[in-house]
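# Observations on chain architecture
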Amino acid sequence: MSQKLNILAISGSTRQQSSNHQLIKAVASLAADVAHVEVFEGLTNIPHFNPDIDHDNPPAEVVAFRRRLREADAVLICTPEYAIGVPGTLKNAIDWTVSSMELSRKPVALITAGTSGFKAHESLLGTLLIIESNIATTAQIVISGVKTKINQDGIITDTATLEKVQQLIASLVAVVKEEPIPLMPRPSLF
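Residues numbered from 1 in each chain as written. Predicted model: local features only at pLDDT ≥ 70, side-chain atom pairs only at ≥ 80, totals over all residues. Heavy atoms only, no water.

## Notes on the nonpolar core
Formed by 30 residues in total, the largest nonpolar core has its most connected members in L23, L76, I111 and I143. Here this core gets 7 residues from one element, more than from any other, and that element is helix α5 (residues 159–177). For L23, the contacting residues outside a window of four places in its chain are C78, I111, A113, I143, V146, I150 and I156. Membership of the second largest hydrophobic core comes to 24 residues, among which are F40, V86, L103 and L110. (Core = buried A, V, L, I, M, F, W, Y, C linked by side-chain atoms within 4.5 Å. Buried < 20%, exposed > 50% of the residue type's maximum accessible area, 1.4 Å probe, protein only. Helix = DSSP H or I, 4+ residues; strand = E, 2+ residues; numbered from the N terminus. Contact = heavy atoms within 4.5 Å.)

## A closer look at empty space enclosed by the protein
Per the stated rule, a full pass over the model turns up 1 cavity of 30 Å³ or more. If you add up the space inside the largest cavity, you get close to 40 Å³. Taken together, I7, V27, V37, L76, L168, I169 and L172 form the lining of the largest cavity. Partitioning the lining of the largest cavity into residue classes produces 7 nonpolar, no polar and no charged. (1 Å grid on protein atoms, 1.4 Å probe; cavity = no way out; pocket = protein on both sides within 12 Å on 5 of 7 lines; lining within 4 Å. Points joined across faces, edges and corners; volume = space filled by probe spheres on them. Nonpolar A, V, L, I, M, F, W, Y, C, P; charged D, E, K, R; others polar.)

## Remarks on the packing of aromatic side chains
Throughout the structure, instances matching the rule amount to 2 aromatic pairs. Consider the rings of F40 and F65, whose centres lie 4.9 Å apart with planes at 50 degrees: the pair is tilted. Taken together, the positions of F40 in the loop between β2 (35–39) and α2 (60–71) and F65 in helix α2 put the pair 25 residues apart, joining distant regions of the chain. With relative accessibility at 8%, the residue F40 sits in the buried group. Considering the side-chain rings of F49 and W96, the 5.0 Å spacing of their centres and the 85 degrees angle between planes classify their relative orientation as edge-to-face. With F49 in the loop between β2 and α2 and W96 in the loop between α3 (88–95) and β4 (108–114), this pair connects stretches of sequence that are 47 residues apart. Owing to a relative accessible area of 31%, F49 belongs among the partly exposed residues under this scheme. (Phe/Tyr/Trp six-rings, centres within 6.5 Å; stacked < 30°, edge-to-face > 60°.)

## A closer look at unusual backbone geometry
The phi torsion at I84 lies on the positive side, around 60 degrees, for a residue other than glycine. With respect to the helices and strands, the residue I84 is situated in the loop between β3 (74–79) and α3. Positioned with a positive phi, E132 is a non-glycine residue whose angle comes to about 70 degrees. Structurally, E132 can be placed in the loop between α4 (118–130) and β5 (140–144).

## Description of the side chain of S18
With respect to the helices and strands, the residue S18 is situated in the loop between β1 (5–11) and α1 (19–30). A polar side-chain atom of S18 sits 3.1 Å from the main-chain amide nitrogen of H21. Discounting residues that sit within four places of it in the chain, S18 has contacts with S11 and S13. (Polar contact = N/O pair within 3.5 Å; in protein donor to acceptor, adjacent residues only side chain to side chain.)

## Some points on the layout of surface pockets
Of the voids in this model, the second largest pocket is the one considered here, and its volume is about 210 Å³. In terms of lining residues, the second largest pocket is bounded by 15 residues, among which P80, A113, G114, T115 and K147 are the most central. Counting residues per element, the ones that place at least two in the lining of the second largest pocket are α1 and β4. Of the residues belonging to the lining of the second largest pocket, the class tally is 4 nonpolar, 8 polar and 3 charged.

## A look at the pattern of salt bridges
As enumerated under the stated definition, the model contains 6 salt bridges in all. Residue E38 pairs with R68 through a salt bridge whose shortest N-O separation is 2.9 Å. Separated by 30 residues along the polypeptide, E38 in strand β2 and R68 in helix α2 bring together distant segments of the chain. The salt bridge partner of R67 is E71, with a shortest N-O separation of 3.4 Å. Placement of the pair is R67 and E71 together in helix α2, with a separation of 4 residues, close to one helical turn. (Salt bridge = Lys/Arg side-chain N within 4 Å of Asp/Glu carboxyl O.)

What follows is the structure in structure tokens.
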């Protein structure tokens, strides 16, 4: 696969200037040589999940979301933690993919970034695994205290976080290309 990968990025935050949007911007910049990262902007337009309308003619917003997922080589989900859980708009969108299986076997990377993030990460990871997303251990990270690790220009200022994000990108690319996942060297302590 010599051309750039098409990665669909989904932010769980509905705030335009959120740290999660800044992280997506950072990933897009760091992955620019190997991937085109496109942000899905329609999360808040997806109607509430209702199995009664998930049939042969689902709502247009759902059809468009599912199409974008199918067309992507991989998906990057970057989300905050709200009240120790997954933001409702993000979980709602994922619920629409359960019966249609767009995320089944789809290479996915998961970044949970907020004040803490561990509970939301655990919950969302469980959902992604039960719907059979292809998510490598090294393609998932929690970034606690995110506001101290990235600036408004989408530049990761914390060295350890930058290394984890670079590993996440390399892992996601390897999963898409069905190659062994490269392990980044650990920095020397001396």
